[in-house]
Amino acid sequence: SDDPLIILFANKENDDDIDPEEIPKEKKPHGYLSQQREKIKQSEQKKQERTQNGKKRKPKEKKRNVKEEKRQQYSKELEKMEAGQIQIIRELMSKSHEEEQLLSNIGEESDYGNIEYKLKLVNPSYDRVRHLTTQMKFRLQEGSGEAFYILGVEDNGNPLGIEIPDLEQSLKTVYKMAINLAAEFSIIWIKSGIEGHVAKVLVSKGQVEEIKLDVRMLVLGGPNVGKSTLIGVLVSGDKDNGKGLARGNVFRHKHEILNGHTSSISHQIVGFDSKGKIVNVGDFGPLTWTQIVEASQKVITFIDVSGKKKYIKTMFTGLCCKSPDYALLIVGADSGLTETALTHFQLAFAFKVPVIVVMTKIDIVAEDQAQKVL
């Protein structure tokens, strides 16, 4: 045949021996050769485009140092937040400052629980903050979402105290740790230590999946010591008028209102938000139980029982069936520790319920009488 393509292919042993430039341009074969030619063209076009645009091949990126990047990011965040943090902390310090002195030892720090002692936390490194944040997370878990930090105190409980600049920096560090864990930060008090100042800080974090922290308290004590009145004041936020106004919020039956004594088991709740503020009363008056629970981070349920001997069964029901976490033993300053109160204390001790003693009516007795009761 006179076809040049057939002659060309006949002189080559295989396709690899064929030079694409030898193929006549007017007739292009299909298959492997056309693919190679197309690749060469594309490569040349890319080189020309790079040359025209002035772009060079990107140098090989260095291996990322993730740890160093986090350190730099942490330093930038500190610089950005420092001014705002110091302003917030100084405002809280001005509101929380007290002249009261704290000179006695507050007890050695425990490895468990939700209380942490720190002498000072001034300009810690990135790795140190990571360690401290992990430690705070553990304290929050131990306290079911609440942790207390006492700054200016040594591990043995000695309230040495630190200077105001160091205290500001230490509070800023605790504030930063709380922000890292999406927790709330508030200063409870600032007192004078042996050589400087001591601060107590509350760090609180919301419960997982909106689970509320519920603490149940059984209110014990004899009659006429003000159990129902105390609960009524705590629930409503209003002081008693001396004529039974506060306890009216607790009583359930008409005869209880008339004679002023509880005969049944009454439940009342007090809600606290993440900053420890009571939320029972809103802008337009008292809230319902549903509203209190929705607005609260922690709820305390008070279980009020009768103090009279003839209603002793209701007290046993509250102690055995209501699963109290604590017992509030109410003692009147005018009557002292009565036989009924002592019996209630012994029963709570027998059921292994922790007891908190509260003394009421200290405003109607002399100071020496109140000290005698204590």
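A.B. asks: Please clarify how the overall build of the protein should be interpreted in this entry.
C.D. replies: Helix and strand content of the protein: eleven helices and twelve strands. Classification of the 374 residues of the protein by burial places 38% in the buried group. Of the contacts formed within the protein by residues at least 6 apart in sequence, a portion of 70% connects residues at least 24 apart. Carbon and sulfur atoms provide 50% of the accessible area of the protein, an area that totals close to 23,800 Å².

A.B. asks: Sorry, what's going on with empty space enclosed by the protein here?
C.D. replies: A probe as big as a water molecule, rolled over the atoms, marks out the empty space that is left. Counting across every chain of the model gives one cavity of 30 Å³ or more. Residues belonging to the lining of the largest cavity are distributed by class as follows: two nonpolar, seven polar and three charged.

A.B. asks: Help me understand the environment of L374 in this model?
C.D. replies: Counting through the fold element by element, L374 comes out in the segment after α11 (367-373). Residues L374 and V357, spaced 17 residues apart in sequence, show a C-alpha to C-alpha distance of 9.9 Å.

A.B. asks: How should I be thinking about the packing of aromatic side chains in this particular structure?
C.D. replies: Centre-to-centre distance and the angle between the planes together describe a pair of aromatic rings. Considering all chains together, one arrives at two aromatic pairs under this definition. Here the aromatic rings of Y175 and F185 are separated by 5.3 Å at their centres, their planes lie at 90°, and the arrangement is edge-to-face. Highlighted residues: Y175 in helix α5 (residues 164-180) and F185 in strand β4 (residues 184-192), separated in sequence by ten residues. Directly above the ring of W189 sits K191, whose terminal nitrogen or CZ lies 4.5 Å from the centroid.

A.B. asks: Is there a simple way to think about the nonpolar core in this case?
C.D. replies: Side chains that are nonpolar tend, in soluble globular proteins, to be buried together. In terms of nonpolar packing, the biggest core is built from 22 residues, with M136, Y149, L171, V174, F185, V201 and V203 touching the most fellow members. When contributions to this core are tallied by element, the ones reaching two or more residues are α4 (126-142), β3 (146-151), α5, β4 and β5 (197-204). Considering every element that reaches this core, the biggest residue donor is α5, with six residues. Apart from the residues lying within four places of it in its own chain, the contact partners of V203 are M136, L140, G145, E146, A147, Y149, V174, A178, A183 and E184. Among the nonpolar cores identified, the runner-up in size contains 14 residues, and L218, I303, A327 and A348 belong to it.

A.B. asks: Quick question: what am I supposed to make of helix α6 (residues 227-236) here?
C.D. replies: Residues spaced three or four apart along an α-helix face the same direction, because each turn holds 3.6 residues. For α6, the complete set of buried residues consists of K227, S228, I231, G232, V235 and S236. Seen along its axis, α6 keeps its buried residues to an arc of 140°; they face one direction. Tucked inside the fold, the buried residues of α6 contact β6 (213-220), β7 (266-272), β8 (281-282), β10 (298-304) and β11 (326-332). Phi for G237, located one or two positions after α6, is positive at around 85°.

Thresholds, definitions, all that
- Residues numbered from 1 in each chain as written.
- Predicted model: local features only at pLDDT ≥ 70, side-chain atom pairs only at ≥ 80, totals over all residues.
- Heavy atoms only, no water.
- Helix = DSSP H or I, 4+ residues; strand = E, 2+ residues; numbered from the N terminus.
- Buried < 20%, exposed > 50% of the residue type's maximum accessible area, 1.4 Å probe, protein only.
- Contact = heavy atoms within 4.5 Å.
- Areas by Shrake-Rupley, 256 points an atom, 1.4 Å probe, with all protein chains shown as cover.
- 1 Å grid on protein atoms, 1.4 Å probe; cavity = no way out; pocket = protein on both sides within 12 Å on 5 of 7 lines; lining within 4 Å.
- Points joined across faces, edges and corners; volume = space filled by probe spheres on them.
- Nonpolar A, V, L, I, M, F, W, Y, C, P; charged D, E, K, R; others polar.
- Phe/Tyr/Trp six-rings, centres within 6.5 Å; stacked < 30°, edge-to-face > 60°.
- Lys NZ or Arg CZ within 6 Å of the ring centre and 35° of its normal.
- Core = buried A, V, L, I, M, F, W, Y, C linked by side-chain atoms within 4.5 Å.
- Arc of directions from axis to C-beta.

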